[in-house]
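Spelled out, the chains give:
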Amino acid sequence: MNRRAVRRVVTSYVLLLPSLVGMGCFLLLPIVVVAWLSLHSWNLLGPMEFAGLRNWRSVLSDREFGHALLVTLALTAIVVPAQTVLGFAVAAPLARRRGGAVLRVVYALPWMCAPVAVGVVWQWLFAPTDGALNAVLGRRVEWLSDPALALPSVAAVSIWMNFGYVALFFVAGIRAIPRDILEAGALDGATGWRRTRWLVLPLLRPTMFFVLVTGVLTAFQTFDTVYALTGGGPGDRTEVVAMRMFTEAFGAARPGRAAVMALVVFAVMFAITLVQHRYFRNRTTYEY
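Anyway, here's the lowdown on the structure attached to this text. Since the structure is predicted, the reported quantities are computational estimates derived from the model, not experimental observations.

## Observations regarding the overall build of the protein chain
So, point 1. The secondary structure content of the protein chain amounts to 13 helices and 2 strands.
So, point 2. With the principal axes as the frame, the protein chain shows a C-alpha extent of 80 × 70 × 30 Å.
So, point 3. In the protein chain, which comprises 288 residues, the share counted as buried stands at 38%.
So, point 4. Carbon and sulfur atoms make up 66% of the accessible area of the protein chain, which amounts to about 17,100 Å² in all.
So, point 5. Here the protein chain holds 26 positive side-chain charges and 14 negative ones, and the gap between their average locations is 13 Å.

## Things to note about the environment of Arg96
So, point 1. Here Arg96 is to be found in helix α3 (residues 63–96).
So, point 2. Overall, the relative accessible area of 59% leaves Arg96 in the exposed class.
So, point 3. For the pair Arg96 and Val171, spaced 75 residues apart in sequence, the C-alpha separation works out to 8.8 Å.

## Here's the deal with the packing of helix α7 (residues 150–175) against helix α10 (residues 205–220)
So, point 1. Two elements in contact, α7 and α10, have axes separated by 10 Å at closest approach and are oriented at 165 degrees. Judged by the inter-axis angle, α7 sits roughly antiparallel to α10. In terms of crossing hand, the pair formed by α7 and α10 is right-handed. On α10, the residues touching Asn162, Tyr165, Val166, Phe169, Phe170 and Gly173 of α7 are Thr207, Met208, Phe210, Val211 and Thr218.

## What about the pattern of salt bridges?
So, point 1. On inspection of all chains with the given rule, the structure shows 7 salt bridges.
So, point 2. One salt bridge in this structure joins Asp62 and Arg257, with 2.6 Å as the shortest N-O distance. Of the two residues, Asp62 sits in the loop between α2 (54–60) and α3 while Arg257 sits in helix α13 (residues 255–281), which places them 195 residues apart along the sequence.
So, point 3. In this structure Asp62 comes out as buried when scored by relative accessible area, which is 16%.

## Some thoughts on the packing of aromatic side chains
So, point 1. One pass over the structure, following the stated rule, counts 15 aromatic pairs.
So, point 2. Ring geometry for Phe126 versus Trp143: centroids 6.0 Å apart, planes at 40 degrees, classification tilted. Here Phe126, found in the loop between α5 (115–125) and α6 (132–137), pairs with Trp143, found in the loop between α6 and α7; they are 17 residues apart in sequence, far enough to count as distant.
So, point 3. For the ring pair Phe223 and Tyr227, a centre distance of 5.5 Å and an interplane angle of 25 degrees mean the geometry is stacked.
So, point 4. Members of the aromatic cluster, joined through ring pairs, are Trp111, Tyr165, Phe169 and Phe210.

## Topic: the nonpolar core
So, point 1. In terms of nonpolar packing, the biggest core is built from 35 residues, with Phe170, Ile174 and Val200 touching the most fellow members.
So, point 2. Of all the secondary structure elements, the ones that give two or more residues to this core are α3, α7, α9 (193–203), α10, α12 (241–251) and α13.
So, point 3. The leading source of residues in this core is α3, at 8 residues.
So, point 4. Discounting chain neighbours no more than four positions away, the residues touching Phe170 are Thr84, Gly87, Phe88, Ala91, Leu204, Thr207, Met208 and Val211.

## Quick look at the side chain of Thr76
So, point 1. For Thr76, the position within the fold is in helix α3.
So, point 2. Apart from the residues within four sequence positions on either side, Thr76 is in contact with Pro81, Val216, Ala219 and Phe220.

Here is what the cut-offs are and how they apply
- In this numbering scheme, every chain counts its residues from 1 along its sequence in written order.
- For this predicted model, a pLDDT threshold of at least 70 governs which residues receive local features, and a threshold of 80 or more governs which side-chain atom pairs are given and counted, while totals over whole chains, interfaces and linings are taken from all residues.
- Think of the side-chain values as coming from all heavy atoms in the structure, minus any hydrogens and water.
- Helix and strand assignments follow DSSP, with helices taken as H or I runs no shorter than four residues and strands as E runs no shorter than two, numbered in order from the N terminus.
- A 1.4 Å probe rolled over the protein chains alone gives each residue an accessible area, and that area as a share of the maximum for its type sets the label: buried under 20%, exposed over 50%, partly exposed in between.
- Each accessible area value is a Shrake-Rupley result obtained with a 1.4 Å probe; residue values ignore everything except the protein chains displayed when judging cover.
- The sign given to each residue is positive for Lys and Arg and negative for Asp and Glu; His and the chain ends receive no count.
- Charge placement uses NZ in Lys and CZ in Arg. For Asp and Glu, CG and CD serve respectively.
- Only C-alpha atoms enter the line fits that serve as axes; for helices the fit covers just the stretch in contact. Angles between N-to-C directions range over 0 to 180 degrees.
- For classification purposes, an angle smaller than 35 degrees is called roughly parallel, one larger than 145 roughly antiparallel, one from 65 to 115 roughly perpendicular, and anything else oblique.
- Less than a right angle of anticlockwise turn of the near helix away from the far helix marks a crossing as left-handed, whereas a clockwise turn marks it as right-handed.
- Only heavy atoms matter for contacts: two residues are in contact if any of them lie within 4.5 Å across the pair.
- Each reported salt bridge corresponds to a side-chain nitrogen of Lys or Arg within 4 Å of a carboxyl oxygen of Asp or Glu.
- Classification of ring pairs uses Phe, Tyr and Trp, with its six-membered ring standing for Trp, and accepts pairs whose centres are within 6.5 Å; under 30 degrees between planes counts as stacked, over 60 as edge-to-face, and the remaining range as tilted.
- What we call a nonpolar core is a set of buried Ala, Val, Leu, Ile, Met, Phe, Trp, Tyr and Cys residues that are connected through their side-chain atoms within 4.5 Å.

In structure tokens form, the structure reads like this:
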């Protein structure tokens, strides 16, 4: 390797150094710390004690954690498809509309609001006695205290918060599609739903992949909104895995068990993301 090539490689790594340091400090190092903490027993006050795999055996046999993981999976299964479909339905006409900047801001406003504030507002709207939703329906419905309605209600709030954010990415993706491709499709009879099915959606696969991956990650990290809306109730019907980890770490003062839960959730999210990547890998068009 000549001197010019060596200088080029060194320059490349120097330019990458800030990003590598940031990734190491804020991504890799926390994972290492959590893995180390999962092998220790600590009550947040006294000295740490090495626990080996005791925390892992305890968590993997914990029915409450298993239930919280199932609740999170159910919430994800409701929220991610619904916000993706709704976001695309909003983005399709919005991308063809000129001067739609104001509408894009309006749609994105719920996502920009603090989740706790959104949860408090929707708790007022869902109130069984004087809530706005029951006033419109003209009947009393226990939206947040009925075990059958609590999780769908929380999911509805999450969808309302996030579908505008999803729509912004779909708008960008639709506008990036060259007009000559769409015009050629129109000449071949691809209009209406055929245009969407055979032209727009295949060319939106990179955007779809990003939206689905970030949607799953966001759904698995849901905490603030659920905490403000239901606190995990009624019973444990809306206790998502983030709330379970919070309770273990600070309510029960067992951060070692909470660290194990975090690693299990990380493994589940990684597996789901890997499946999504494998599905879209050979089906994604990056050049329009």
